[in-house]
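Residues per chain are reported as follows:
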Amino acid sequence: MHARVHITLKPGVLDPQGEAVRHALGAIGFNGVNGVRQGKVIDLDLHGIEPAKAEEEVRQMCEKLLANTVIENYTVEIL
Amino acid sequence: MKTAVIVFPGSNCDRDLARALEQATGRPATMVWHKETALPGGLDLVALPGGFSFGDYLRCGAIAARSPIMRAVVEFARGGGHVLGICNGFQVLLETGLLPGALLRNAGLNFVCRDVHLNVETTDSPFTGAWHNGGVARIPVAHHDGNYLVDDSLLDRLHGEGRVAFTYCDAMGNVTDESNPNGSVSNIAGVLSANRRVLGMMPHPERLSDPALGGSDGAKLFESLAGALAPA
């Protein structure tokens, strides 16, 4: 079983890296980009976890380590 | 006064910090490896050094904050112990939840490595008492993720409770946008816990704590601690 975690900055938290990427896109001719927010994806290869409990287990991983919930949101997909 | 310095894989200011503590207290600091599960007995201060613990993987300080010794450090702090976190140590303290807020990538995206000036915003703490005559401290920063952020209500609370320890300022002590090296909200360079016994700060006082290093403004922080925590 696999899980995929998406971690993004909360709305309102400035993302200077995303802003730098937006500028760079403009510099190479992509002028239609209003904003860029950069996040991260974490893929987990799970074993020994009951499928029914996997999502909750991965949510706990996010709360306790994978995300900093002060500034980041996360979503969990079980694949 | 008994002190300990926690050492993580990737710490690189641990010896500088230990030396600054020894200079102020007259006693060597105990170096404690992150895999230990208990602190030495009778400690007055635990210090978390700068560096790049665990290569800054995931988020700066995130993995160090979950290392075995940090459970003991959190327990020590919750029991009223004094804890100092400098640079990466500040990042670790935020990740443990002992201090509020988060440190983001510097607003200018660059790693900033230079001397800055700090306004000492409160002398009502064991870390800042020696600045009772006021003045501006010149202390270096060296970081990529020092852009301090808290939400507005917490920011009001930090200001209201006098828990902003240091702000970035110019040489005259004016807290200006130009003197902010990383985009931190309200130019905040260091914050105190509610009980004022935990301090996290991005600048490195240990790096200018002896005239041989080019300045000694940073030594005042360690002198403050020695004055506040040494047995009477």
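How each quantity is defined
- Residues numbered from 1 in each chain as written.
- Chains lettered and ligands numbered in written order.
- Predicted model: local features only at pLDDT ≥ 70, side-chain atom pairs only at ≥ 80, totals over all residues.
- Heavy atoms only, no water.
- UniProt positions renumbered as here; feature names shortened; annotations may be inferred.
- Contact = heavy atoms within 4.5 Å.
- Buried area = accessible area lost by both parts, 1.4 Å probe.
- Salt bridge = Lys/Arg side-chain N within 4 Å of Asp/Glu carboxyl O.
- Polar contact = N/O pair within 3.5 Å; in protein donor to acceptor, adjacent residues only side chain to side chain.
- Helix = DSSP H or I, 4+ residues; strand = E, 2+ residues; numbered from the N terminus.

The name that an unreviewed UniProt entry assigns to chain B is Phosphoribosylformylglycinamidine synthase subunit PurQ, with the source organism given as Paroceanicella profunda. Per UniProt, chain B has the following entry under Subunit (unreviewed entry): "Part of the FGAM synthase complex composed of 1 PurL, 1 PurQ and 2 PurS subunits."

The name given to chain A in an unreviewed UniProt entry is Phosphoribosylformylglycinamidine synthase subunit PurS, with the source organism recorded as Paroceanicella profunda. Here chain A is described in UniProt, under the heading Pathway (unreviewed entry), as follows: "Purine metabolism; IMP biosynthesis via de novo pathway; 5-amino-1-(5-phospho-D-ribosyl)imidazole from N(2)-formyl-N(1)-(5-phospho-D-ribosyl)glycinamide: step 1/2." In the Subunit (unreviewed entry) part of its UniProt record, chain A is described as follows: "Part of the FGAM synthase complex composed of 1 PurL, 1 PurQ and 2 PurS subunits."

Undergrad: Quick question: what am I supposed to make of the interface of chain A and chain B here?
TA: Across the boundary between the two partners, chain A contributes 16 residues, which contact 13 residues of chain B. Summed over both sides, the interface of chain A with chain B buries roughly 1,100 Å², with 66% coming from carbon and sulfur. Contact with chain B buries area across many residues of chain A, yet Pro16, Leu65 and Ile71 of chain A alone supply 39% of it, more than any other trio. In this structure, the connection of chain A to chain B is made through one salt bridge. For the interface between chain A and chain B, the tally reads four residue pairs in polar contact (both at pLDDT 80 or more). Elements supplying a minimum of two residues to the side of chain A that touches chain B: α1 (16–27), β2 (40–45) and α2 (51–66) of chain A.

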